[in-house]
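Topology and contacts: notes
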Amino acid sequence: MAWWKAWMEQEGVTVKGSPHFNPEPDAEALYTAMKGIGTNEQAIIDVLTRRSNAQRQQIARSFKAQFGKDLTETLQSELSGKFERLMVALMYLPYRYEAKELHEAMKGLGTKEGVIIEILASRTKNHLREIMKAYEADYGSSLEEDIQADTSGYLERILVCLLQGSRDDVSGFVDPGQAVQDAQDLYAAGEKIHGTDEMKFITILCTRSATHLLRVFEEYERIAGKSIEDSIKSETHGSLEEAMLTVVKCTRNLHSYFAERLYYALKGAGTRDGTLIRNIVSRSEIDLNLIKCQFTKMYGKTLGSMIEGDTSGDYRNALLNLVGSSA
């Protein structure tokens, strides 16, 4: 499934919220779970992982009205480690959460380019707009300017181009002549010359619609005798290569892209918990079920079984609840 369609699939949602929802008893249950000595983590999991984001916002309002405390701050003071990080992530409004992830990827020493690439290459134009608004409201600066200040060269250019969200076009219209021209231009910018015209790659990958790009990739393979991915790997390296390949992956199949991100977050020694939490939380009300199906197809095992084998305790229980049954 091409990437823009993934935002319209209701069957993709793993966290649907409670059909008979009342925020007051939920807020009371959370207060009881955290008051006094010790914390009832399972009670917190039962409430927060089984409610939609909109319902969690209502619970937070009820919690403050009933007990005069901020729910997120209370969770932060009562919980710790990865479990705290996951529960707090669930309390953010979706756009504010992604703005926070971008801000954290850029603050301090070093930049987590992978996080910025993942979010910018996989979100729609409207989604990116909302993230930019949330970022400015929460951090008092422009996301675009912060990316420019924190990155450089062709990576900076591709990220700024992606932020414009020019790839959205659900009309499905493709001009075959333009697709052939783009494929020829890409070939001329890379395989055909010594060196690479990176800006040509960036312009075509970031400004053409997903449907159009799929046709360009077909034409490119015919002209070059190799896939666009292989050419990107041989012509670029580092974060620029990662950014270009991510655009191609998201264009070809968004669910495969997220399945791959989750697989490599869990595979091998150690778990990349930031990637795991971000992708499960941010996709749980969009298309996580479809990502799970793709995951099983690609890796011959379920996402749930890998989470079970790679995580533990309350953190594992909460993740498994979010991923849903037959995970």
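Predicted model only: the values in this text are computed from it and were never measured. (Residues numbered from 1 in each chain as written. Predicted model: local features only at pLDDT ≥ 70, side-chain atom pairs only at ≥ 80, totals over all residues. Heavy atoms only, no water.)

Points about the overall build of the chain
Within the chain, the secondary structure is distributed over 20 helices and zero strands. Taking 327 residues into account, the globule formula puts the C-alpha radius of gyration at 20 Å, and the chain, at 21 Å, falls close to it. For the chain, the spread of C-alpha atoms along the principal axes amounts to about 70 × 45 × 40 Å. Counting over 327 residues, the chain shows a buried share of 50%. Relative to all contacts within the chain whose residues are 6 or more apart in sequence, the contacts with residues 24 or more apart total 73%. Where the 39 positive side-chain charges of the chain centre and where its 47 negative ones centre are 3 Å apart. (Helix = DSSP H or I, 4+ residues; strand = E, 2+ residues; numbered from the N terminus. Rg over C-alpha atoms; globule rule 2.2 N^0.38 Å. Buried < 20%, exposed > 50% of the residue type's maximum accessible area, 1.4 Å probe, protein only. Contact = heavy atoms within 4.5 Å. Lys, Arg positive; Asp, Glu negative; His and termini not counted. Charge placed at Lys NZ, Arg CZ, Asp CG, Glu CD.)

Regarding the packing of helix H13 (residues 210-224) against helix H15 (residues 238-252)
The N-to-C vectors of H13 and H15 enclose an angle of 105 degrees; their axes lie 9 Å apart at closest approach. Viewed along their axes, H13 and H15 adopt a mutual orientation that is roughly perpendicular. Contacts from Ala-210, Leu-213, Leu-214 and Phe-217 in H13 reach Val-248, Thr-251 and Arg-252 in H15. Taken together, the residues of the contact of H13 with H15 sort by class into five nonpolar, one polar and one charged. (Axes fitted to C-alpha atoms, helices over the stretch in contact; angles between N-to-C directions. Parallel < 35°, antiparallel > 145°, perpendicular 65-115°, else oblique. Nonpolar A, V, L, I, M, F, W, Y, C, P; charged D, E, K, R; others polar.)

Overview of the packing of aromatic side chains
Within the structure shown, the criterion is met by ten aromatic pairs. With centroids separated by 6.1 Å and ring planes inclined at 50 degrees, the aromatic side chains of Tyr-92 and Tyr-97 adopt a geometry described as tilted. Taking the relative accessible area as the measure of exposure, Tyr-97 reaches 3% and is therefore buried. Where Tyr-263 meets Tyr-299, the ring centres are 3.7 Å apart and the plane angle is 5 degrees; that geometry is what we call stacked. Of this pair, Tyr-263 sits in helix H16 (residues 254-266) while Tyr-299 sits in helix H18 (residues 288-299), placing them 36 residues apart in sequence. (Phe/Tyr/Trp six-rings, centres within 6.5 Å; stacked < 30°, edge-to-face > 60°.)

A look at the packing of helix H6 (residues 94-106) against helix H8 (residues 125-139)
Axis separation between H6 and H8 bottoms out at 8 Å; the angle between their running directions is 65 degrees. Classified by the interaxial angle, the pair formed by H6 and H8 is roughly perpendicular. The two elements H6 and H8 meet at a crossing, and its hand is right-handed. From H6, Tyr-95, Arg-96, Glu-98, Ala-99, Lys-100, Leu-102, His-103 and Met-106 reach across to H8, where they touch His-127, Glu-130, Ile-131, Ala-134, Tyr-135, Asp-138 and Tyr-139. A class-by-class count of the residues in the contact of H6 with H8 yields eight nonpolar, two polar and five charged. (Left-handed = near helix turned anticlockwise from the far one by under 90°.)

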